[in-house]
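Overview (structure and organization)
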Amino acid sequence: MIREILAAVLIGLGLICCCIAMYGVYRMDYVLSRIHAAAIIDTLGTLLIFAGMILLRGLGWASAKILLILAFQWITGPVSTHRISRVEILSNPDYDKHCEVE
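Residues numbered from 1 in each chain as written. Predicted model: local features only at pLDDT ≥ 70, side-chain atom pairs only at ≥ 80, totals over all residues. Heavy atoms only, no water.

Here the focus is the side chain of Thr46. Mapped onto the elements of the fold, Thr46 is located in helix H2 (residues 31–57). Relative accessible area serves as the criterion here: at 14%, Thr46 is assigned to the buried category. Within the structure, Thr46 has its side chain in polar contact with the backbone oxygen of Thr43 (distance 3.3 Å). Leave out the neighbours within four places in its chain, and Thr46 touches Ile41, Leu70, Gln73 and Trp74. (Helix = DSSP H or I, 4+ residues; strand = E, 2+ residues; numbered from the N terminus. Buried < 20%, exposed > 50% of the residue type's maximum accessible area, 1.4 Å probe, protein only. Polar contact = N/O pair within 3.5 Å; in protein donor to acceptor, adjacent residues only side chain to side chain. Contact = heavy atoms within 4.5 Å.)

This is the structure:
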């Protein structure tokens, strides 16, 4: 009973983080600002949702698979975000109009 409630709270907090981040993605007007808002989904949102799923499922093979998915997401998410932002900076000569970069 307590495990299910705690899992529901973690999944709910993860969904709230994802909804706030999605609002930030649609609200921001420049691609680097959108990437910054979307990084919340990659890190905190997936951690909370997957932690709730692991807690709900219990320890076993399914939890190990969820942990592997979480590790893969945490390794590849920041790398891909960084590469997309580097391409934007290198391909857009007027990026300094949108953000304060020295």
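A word on the nonpolar core. Counting residues in hydrophobic clusters, the biggest one holds six residues: Cys18, Ile49, Phe50, Ile54, Ile66 and Leu70. Elements that contribute at least two residues to this core include exactly H2 and helix H3 (61–91). Element by element, the count of residues in this core is highest for H2, at three residues. The residues touching Ile49, leaving out its near neighbours within four places in the chain, are Leu10, Ile11, Gly14, Leu15 and Cys18. (Core = buried A, V, L, I, M, F, W, Y, C linked by side-chain atoms within 4.5 Å.)

Two elements in contact, helix H1 (residues 2–27) and H2, have axes separated by 8 Å at closest approach and are oriented at 165 degrees. Taken together, the axis directions place H1 and H2 in an arrangement best described as roughly antiparallel. Seen along the crossing, H1 lies across H2 with a hand that is left-handed. For the contact of H1 with H2, the residue count by class is 22 nonpolar, four polar and three charged. (Axes fitted to C-alpha atoms, helices over the stretch in contact; angles between N-to-C directions. Parallel < 35°, antiparallel > 145°, perpendicular 65-115°, else oblique. Left-handed = near helix turned anticlockwise from the far one by under 90°. Nonpolar A, V, L, I, M, F, W, Y, C, P; charged D, E, K, R; others polar.)

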